[in-house]
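# Chains, contacts and geometry: an overview
What follows is the residue order along each chain.
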Amino acid sequence: MTQPTDPDARASDPWVVAVANQKGGVGKSLLSLGLAAVTADASGKAFLVDIDPQSTTAEVADRAERAGLALPFDYTADTDPTHLGKLRKVRGVDMILVDCPGSLEGRDVLAAVLDQADFVVIPYVHDPFYVTPTRRTAAMCAERGVPYRVLINRVDPRRGSGPLEDAQAVLDKLELPRFRSFVREYAAHSHAHVEGVMITQYRGDRNAGNARDDIRRVHTELLMQLGQRGA
C-alpha cells in the first residue's frame, strides 16, 4: 500500500472511516470520493483506499490522470488483507476513507477493514432489496464493536419529502442509528466524475451547489461523531 506523508497533517493516528454496505449500487464510491474531497477542501489531508474490485473510484482516478488533473487527496487501490491491516500505521493524513466491496464475497476483506476502523458509514438506498444487506452490515459492525451510522443516499429530489420520511421511519423501526443528513441524487456527481473532477471542483451543473452541500453536511456530522468517539 502506497502511504502518503505530509508533515502538516496529524502526527497521531488518523481517523479510519469505512464506507460499506454488503450490496452494490448504494453509492459507496460517490460518498467516498465526496468525503475525501470535502476533507481536502476544508484544508485537511485525506487518503482514499479503494478495496472494491468493481468500484468506480479507480475509473474516476484514471479519468483525472488522463485529463492531466490532480486529485485533491491521496489515493490507492489495494485489496490485500495484509496491507489493510497496516492502515493504523499510516501517517501524514487526517482521515483515511476506505471504499469497501459491495458483496457478500467481500466479507473477509471488510472484516480486515473493520478491525482497523474508527467508524463506518453505511449508505442505504430506500428499497426493500437494500434492507437486509444494510442490516447485515450493521450487525457485522456491532459484532466487532465498531461505531456506525446508516446514511440515506440517492434520495430523488423530485419526489418531495415522502420517500425520505419513509426511509427514516424504516431505519428507526429497525433501531439502526442514522445520520440526520442525507444525500440527494443529482447528475452533477456523475458528470463531475466523468470529467475526472470532484464535486467540490465541479461547476458545470445548476445543481452542483446542492450536491456539494449534501456531502458537506454529511462530512460535518461525521466529524461530530468522530469527535465524540475521541472525547
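Residues numbered from 1 in each chain as written. Predicted model: local features only at pLDDT ≥ 70, side-chain atom pairs only at ≥ 80, totals over all residues. Heavy atoms only, no water.

Phi is positive for Ser43, which is not a glycine, with a value near 70°. A residue is classified by how much of its surface remains accessible, and Ser43, at 70% relative accessible area, is exposed. Positive phi outside glycine occurs at Glu175, with the angle close to 60°. Within the fold, Glu175 resides in the loop between helix H6 (162–173) and strand S7 (178–184). (Buried < 20%, exposed > 50% of the residue type's maximum accessible area, 1.4 Å probe, protein only. Helix = DSSP H or I, 4+ residues; strand = E, 2+ residues; numbered from the N terminus.)

Note that Glu185 resides in the loop between S7 and helix H7 (187–194). With 158 residues separating them along the chain, Glu185 and Gly27 place their C-alpha atoms 9.6 Å apart. Those residues within four positions of Glu185 in sequence are excluded, and the remaining contacts are Arg154, Val155 and Pro157. (Contact = heavy atoms within 4.5 Å.)

We now examine the layout of surface pockets. By volume, the largest pocket amounts to about 680 Å³. Lining the largest pocket are 34 residues, and of these Gly27, Lys28, Ser29, Leu30 and Thr56 lie nearest its centre. Secondary-structure elements contributing two or more residues to the lining of the largest pocket are helix H1 (28–41), helix H2 (57–66), strand S6 (148–155), S7 and H7. When grouped by side-chain class, the residues that make up the lining of the largest pocket number 11 nonpolar, 15 polar and 8 charged. Looking at the second largest pocket, its volume works out to about 230 Å³. Forming the boundary of the second largest pocket are 13 residues, of which His126, Arg154, Asp156, Arg159 and Pro163 lie nearest the centre. When residues of the lining of the second largest pocket are traced back to their parent elements, those giving at least two are S6 and H6. (1 Å grid on protein atoms, 1.4 Å probe; cavity = no way out; pocket = protein on both sides within 12 Å on 5 of 7 lines; lining within 4 Å. Points joined across faces, edges and corners; volume = space filled by probe spheres on them. Nonpolar A, V, L, I, M, F, W, Y, C, P; charged D, E, K, R; others polar.)

So far we have only geometry, and geometry alone does not tell us how the molecule works.
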